[in-house]
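So you can see what is in the structure, the chains are spelled out below.
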Amino acid sequence: MADEQTSQSEYNRSRVMRFLYGNGVSSRAQIAKALGLTPAAITKITAKLIEEGLIAETGEIEGARNRRSIGLRIDPERFHVIGVKFARSLIQVGLFDLAGDAQQIWVDITTDHPSIDDAIASLKARIDRIMARFGTVVAIGMAVPGPYLRDDGHTAVVSSMQQWRDVDFPAEFADAFDVPVFIEQDARTGALAQQLFGDDGAQDDLAYYLIGEGVGLGVIERGHTIDGARGTATEIGHVSIDVNGRRCDCGNHGCLERYCSAVAIHEALDATLDEDGGIVADSDRMTHIEACEALFALAAHGDARALELVRHVGTYVGYGLVTIINAFNPRRIIIGDIVAHAGVPLLDAAMHVVENRVLPELAATTTVTLSDLPTDAAVTGAAAVAITAFLDQPSRFADVARRRRGD
């Protein structure tokens, strides 16, 4: 019975935390009304949260019938989380406050290290330095390439960089630091970032279409991510758009990511180098990101060949949109990561495919936009995974904060 009471108390603390996170400064009366709890219960819950330093009083605010009430809020700068994004050629690390605002971003180029083990050792050392500098860090979130086998702890396939398949992420990181570590598939973290931080008007029903060095999808339906039995649901990058098409490292043919990922774009650019110097000179000496950004810059300045390639890629992005709309029927699709930087020409080409290949009733009720998050949605999403855990388990993180302060 005691465990049930503790669980219910923690659930109600989480509800209060989530309400304040989503609504900002609120009175105890407003919280009680919104959550259907008694004023006495809210007084007890908020007293505990204040004692633990998770929320604070803000002074008087205007309440119902012009009565003055004491406001409560979560201070987004009191605690911090670290977000980590693993990609094929780089690892991004960010320090975030609870509002999802990046305080600082660091980038490690994995090819600068002799092996994956060296890259992981370098990452651990960087996180240790960040945590030594910022005693307010209470959690770490990690975004890893999909398909991520959650129960096994590793990625099933990482096209063009198979060494990552050998990394057991929980074994490497779960107990490596003195704060909890949470690991999730990268596109799914992007969807969580859009849900938690994005101003999209459809936060409980959206799809995040990640088009970077790989292609992935995270879908939130009725407020929850679609995960699948082993955590690999919505793995759109390995949906075949041409059964006789290009061979993929996953064993399939014609996978979507073989046609519109940053890797595929880089391959297309390198193939033009014998044609009067190519679309992007020296593309074969660039990273995937550098090659794509150079292409997109040329397209933005009206270079005809660059625009043609961007629109060609956009057509394949559109084929992916058709699958997403028909399979999941989300209210909103947000395109993010490297390839989204191509901007309007890519989006226009993709939407032309949607208009011609999707039932008008479905197309008319699906909004497709480019991500407006100020930093990479996957690394921001890794932070969102950690922040979500913080809101769901406030007492656990109060203990973490006390331990880190040495109380």
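In this text, all values refer to a predicted model and were calculated from it rather than measured experimentally. (Residues numbered from 1 in each chain as written. Predicted model: local features only at pLDDT ≥ 70, side-chain atom pairs only at ≥ 80, totals over all residues. Heavy atoms only, no water.)

## Some details on the pattern of salt bridges
Move 1: One pass over the structure, following the stated rule, counts 12 salt bridges.
Move 2: Across the pair E172 and K124 runs a salt bridge whose closest N-O atoms are separated by 2.9 Å. With a gap of 48 residues between them, E172 in helix 5 (residues 169–173) and K124 in helix 4 (residues 116–133) connect regions that are remote in the sequence.
Move 3: One connected set of salt bridges, linked through shared partners, spans E184, R188 and D227. (Salt bridge = Lys/Arg side-chain N within 4 Å of Asp/Glu carboxyl O. Helix = DSSP H or I, 4+ residues; strand = E, 2+ residues; numbered from the N terminus.)

## Some thoughts on the packing of aromatic side chains
Move 1: The tally for this structure, following the rule as stated, stands at seven aromatic pairs.
Move 2: Arranged with centres 5.5 Å apart and planes meeting at 50 degrees, the rings of F79 and F390 form a pair that is tilted. Of this pair, F79 sits in the loop between strand 3 (68–73) and strand 4 (80–86) while F390 sits in helix 13 (residues 377–392); the two residues are 311 residues apart in sequence, bridging distant segments of the chain.
Move 3: Overall, the relative accessible area of 4% leaves F79 in the buried class.
Move 4: On the basis of relative accessibility, which here comes to 1%, the residue F390 falls in the buried class.
Move 5: Where F86 meets F169, the ring centres are 5.1 Å apart and the plane angle is 65 degrees; that geometry is what we call edge-to-face. Residue F86 is found in strand 4, and its partner F169 is found in helix 5; the two are separated by 83 residues along the sequence. By the burial criterion, F86 is buried, and F169 matches it.
Move 6: Three or more aromatic residues joined by ring pairs make a cluster, and in this case those are F79, F182, F390 and F397.
Move 7: In this structure, K124 is placed above the aromatic ring of F173, and the distance from its NZ or CZ to the ring centre is 5.6 Å. (Phe/Tyr/Trp six-rings, centres within 6.5 Å; stacked < 30°, edge-to-face > 60°. Buried < 20%, exposed > 50% of the residue type's maximum accessible area, 1.4 Å probe, protein only. Lys NZ or Arg CZ within 6 Å of the ring centre and 35° of its normal.)

## Quick notes on the sheet that holds strand 12 (residues 215–221)
Move 1: Taken in spatial order, the five strands of this open sheet run 13-12-11-14-15, and their pairing is mixed. A single partner strand is all that each edge strand has here, and the edge strands are strand 13 (224–225) and strand 15 (367–370).
Move 2: Pairing geometry for strand 12 and strand 13, over two bridges, is antiparallel. The residue of strand 13 that forms the bridge with I220 is T225. (Pairing = 2+ DSSP bridges.)

## A word on helix 13
Move 1: Compared with the 22 Å implied by 1.5 Å per residue over 16 residues, the 21 Å span of helix 13 between its first and last C-alpha is a close match.
Move 2: With 14 of 16 residues buried, helix 13 lies mostly within the body of the structure. (Expected span 1.5 Å × (residues − 1).)

## Side note on the environment of R28
Move 1: With respect to the helices and strands, the residue R28 is situated in helix 2 (residues 28–35).
Move 2: Taking the C-alpha atoms as reference points, R28 and I70, 42 residues apart in sequence, are found 7.6 Å from one another.
Move 3: With residues near it in sequence (within four places) discarded, R28 still touches I42, T43, T46, I50, E57, I70 and L72.
Move 4: In terms of polar contacts, R28 uses its side chain to reach the side chain of T46, at 3.4 Å.
Move 5: One polar contact links R28 to E57, side chain to side chain, over a distance of 2.7 Å. (Contact = heavy atoms within 4.5 Å. Polar contact = N/O pair within 3.5 Å; in protein donor to acceptor, adjacent residues only side chain to side chain.)

Shape descriptors only; they carry no functional weight alone.
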